[in-house]
Amino acid sequence: MKNLITVSKYAFLELYKSRILLNVLILGFFLLVMASVASEFTYGVPEKVALNFGLGLLSLSLVAVATFMGATLVSREMENRTLYMILSRPVDRYVFLVGRILGLSGILFVNALILSIFTLSLYLFLDGKLSSLIFHSIAFSYLEGLLVMLVVVLFSLFSNTVISVLFTLTIYVSGHAIEAVKSTSVVKVNKLLASFIDLYSTVMPNFTKLNMKRFVFYEDLVKIDFIASSYAYVICYCLLLIVLSCIAFNKKELT
Amino acid sequence: MKSILTINRLNKSFKSDFWKEAHHVLKDLTFDVEEGGLCGFLGPNGAGKTTTIKILLRFISSDSGEIIFSDKLGKNFNEVRKSIGYFPERPYFYPHLKGMEFANYIGSLQGMSPSEINEKTNYWAEKLSIKFALDRKINSYSKGMLQRLGFVVSIIHSPKFLILDEPLSGLDPIGRRDFKRIMVDLSQEGTTVFFSSHIVSDVEEICNNVVVLMEGKTFYQGNIDQLIDENHKGRYELLISKADSSKLNLAVLENRVAGSDLISVTIDANEKDQFLKEIVQKDVDLKSLKALRPTLEEIVYTSQESSQKL
């Protein structure tokens, strides 16, 4: 346990010192300016536009950081041989992997925190009213980032960085589109295709379940059961990916 | 003397492509490292030294074979790792961390207290002339500085068994001297030092034992002096003045001009007595006579050439 904390602490420190959070801060200011400008072009609902804009950018920023930093989280250690120095110590491979994941999760958390503060500040400045769903939406954006990170980490254990990123982005986009695809008439009339889409949405991450942004201003449309089941879904999926990654990393030849 | 490490019939092959034939890197590799002292792990590039070390530390798996660590290092591999210090070939560390932060990281993983880490890091950094850079980011380090930091973090926890993979490559002469001195000091203090190199003279200079690897097999294992004695063919070198050379029948002998007025003559042991007799009889001015002892380098190179011919 002590070594897990040590690995995650130094993974966080290493990523933090790579100035990624400085970029997030700059993005935050950009968000503030763009949201302010965008809200000026609306009629009567500037706070809604500001919040939608902020939550959207928060989600995209988390996915981008998770994808690009997750793809090199372990693979760069293997390429640079830095992990030899760590794994020759009394540190199990799974401890190392989970520690690195926790370190990046910390970075994603700080990222989410900074952009949420910017978004909510502007929203409140424009007389917006807080609701629990806004916080759920931020939490789901963070969990979505975690899920994307775990997908890319798993891919990076089998493939190179570029392919891992491409696969992950494909899964991310299709995971968001899957529910919309299900409702198309082409799928509805083709039973085989419908079964395939059902299977795909069961096996692969279904990001539609994590998209709470669409309900932020329509709280009546979402039930607490749906939110709870979405939390359970993403947490179970994350745990499954961690276990799979640990198994793969334990078996990996660190040549 | 007890063995701290025993490797028994280790085999490893790699496949570059799925459809291509496997390339056998280690072929029934067998040797042991005696406890205490300095053991060199010699072999040309591609002989399998780094592969062996990676298998030892379980970075990669072997196809077959057995690796046994002494009980003194620990009962299970986790305990063994606590007692081992490892320095990888061409070390590279987290570029955005400072040298001291990296030492703290490694020390914490070894279960050392912050004060202990601080004390040991400063002690070894001072000895390895890297203390001035401990509060600098690692990405500003030169290759030699990375080597020095790598060596510091390999030994801060006072390991019982130190495995060094090409530790001297890329170092300046002062760095090489410092590294060698510390390796000798550590071995005298009781640490078993096992270091791989393809520079034979480095191994001959500081090691008492050697494991020589050729094409994935153990070519020789044992004491360096013993190896040299075994390969000592009993040849002698004489130096005589050039002016006297005409008095002797040098046509049958290998000779070469060593200096402006001296000639070097190499003879076999069985020719020595007769040659000396001739020198006395013909009143030749003999400047020196010494037994030629081959260096480890000569033995290894000769053996390598003969094995390639086979």
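Data block above holds the structure.
Residues numbered from 1 in each chain as written. Chains lettered and ligands numbered in written order. Predicted model: local features only at pLDDT ≥ 70, side-chain atom pairs only at ≥ 80, totals over all residues. Heavy atoms only, no water.

J.: When you look at unusual backbone geometry in this model, what are you seeing that I'm missing?
T.: As a rule of thumb, non-glycine residues mostly have phi less than zero, and peptide bonds are mostly trans rather than cis. Its identity as a non-glycine residue notwithstanding, A:Arg81 has a phi of 65°, on the positive side. According to the relative accessible area criterion, A:Arg81 is partly exposed, its value standing at 21%. Notably, B:Arg9 is not glycine yet its phi reads approximately 50°, a positive angle. (Buried < 20%, exposed > 50% of the residue type's maximum accessible area, 1.4 Å probe, protein only.)

J.: Could you clarify how one ought to interpret helix 8 (residues 161-182) of chain A in this entry?
T.: Working note: α-helix, 3.6 residues per turn, so residues spaced by three or four point in the same direction. All names here are of chain A. Between its first and last C-alpha atoms helix 8 spans 31 Å; for 22 residues at 1.5 Å apiece the expected length is 32 Å, and the two agree. Taking the largest bend as the criterion, helix 8 deviates by roughly 40°, centred on histidine 176. All of the buried residues in helix 8 are Ser164, Val165, Thr168, Ile171, Tyr172, Gly175 and Ile178. On its buried face, helix 8 sits against helix 3 (46-73), helix 7 (132-156) and helix 10 (191-203). (Helix = DSSP H or I, 4+ residues; strand = E, 2+ residues; numbered from the N terminus. Expected span 1.5 Å × (residues − 1). Bend = angle between axes of the 7 residues up to and from the residue. Contact = heavy atoms within 4.5 Å.)

J.: How do you make sense of the packing of helix 7 of chain A against helix 8 of chain A when you look at a structure like this?
T.: Pairs of packed helices are described in terms of their axes, by the angle between the two and the distance that separates them. All names here are of chain A. Following both chains from N to C, one finds helix 7 and helix 8 inclined at 140°, their axes separated by 9 Å at the closest point. Relative to helix 8, the element helix 7 lies oblique. Here the hand of the crossing between helix 7 and helix 8 comes out right-handed. Here Glu144, Val148, Val151, Val152, Phe155 and Ser156 of helix 7 come into contact with helix 8, specifically with Ser164, Val165, Phe167, Thr168, Ile171, Tyr172 and His176. Each residue belonging to the contact of helix 7 with helix 8 can be placed in one class, and the counts come to eight nonpolar, four polar and one charged. (Axes fitted to C-alpha atoms, helices over the stretch in contact; angles between N-to-C directions. Parallel < 35°, antiparallel > 145°, perpendicular 65-115°, else oblique. Left-handed = near helix turned anticlockwise from the far one by under 90°. Nonpolar A, V, L, I, M, F, W, Y, C, P; charged D, E, K, R; others polar.)

J.: Teacher, can you tell me more about the environment of B:Val210 here?
T.: Residues and elements named next belong to chain B. Among the structural elements, valine 210 can be located in strand 8 (residues 209-214). C-alpha separation for the pair valine 210 and glycine 222, spaced 12 residues apart in sequence, amounts to 5.6 Å. Every residue in contact with valine 210, bar those within four places of it in the chain, is listed here: Cys39, Gly40, Leu42, Val203, Tyr220, Gln221, Gly222, Ile224 and Leu227.

J.: Quick question: what am I supposed to make of the side chain of B:Asn209 here?
T.: With respect to the secondary-structure elements, B:Asn209 resides in strand 8. Ignoring sequence-local partners within four residues, the contact set of B:Asn209 consists of B:Glu34, B:Leu38, B:Cys39, B:Gly40, B:Gly222, B:Asn223 and B:Ile224.

J.: Help me understand the packing of aromatic side chains, please; the structure alone is not making it clear to me.
T.: Centre distance and the angle of the planes are the two values used to describe a pair of aromatic rings. For the structure on display, the rule yields 23 aromatic pairs over all chains. Taking the centre distance of 5.9 Å and the plane angle of 40° together, the rings of B:Tyr94 and B:Tyr105 count as tilted. Here B:Tyr94 is found in the loop between strand 5 (84-87) and helix 3 (99-109), whereas its partner B:Tyr105 is found in helix 3, with 11 residues between them in sequence. Its relative accessible area of 4% is what places B:Tyr94 among the buried residues. Through successive ring pairs, a cluster of aromatic residues spans A:Tyr10, B:Phe93, B:Tyr94, B:Phe102 and B:Tyr105. In this structure, A:Arg93 packs its charged tip against the face of A:Phe249, placed 5.9 Å from the ring centre. Just above the ring of B:Phe77 sits the side chain of B:Arg58; from NZ or CZ to the centre is 4.0 Å. (Phe/Tyr/Trp six-rings, centres within 6.5 Å; stacked < 30°, edge-to-face > 60°. Lys NZ or Arg CZ within 6 Å of the ring centre and 35° of its normal.)

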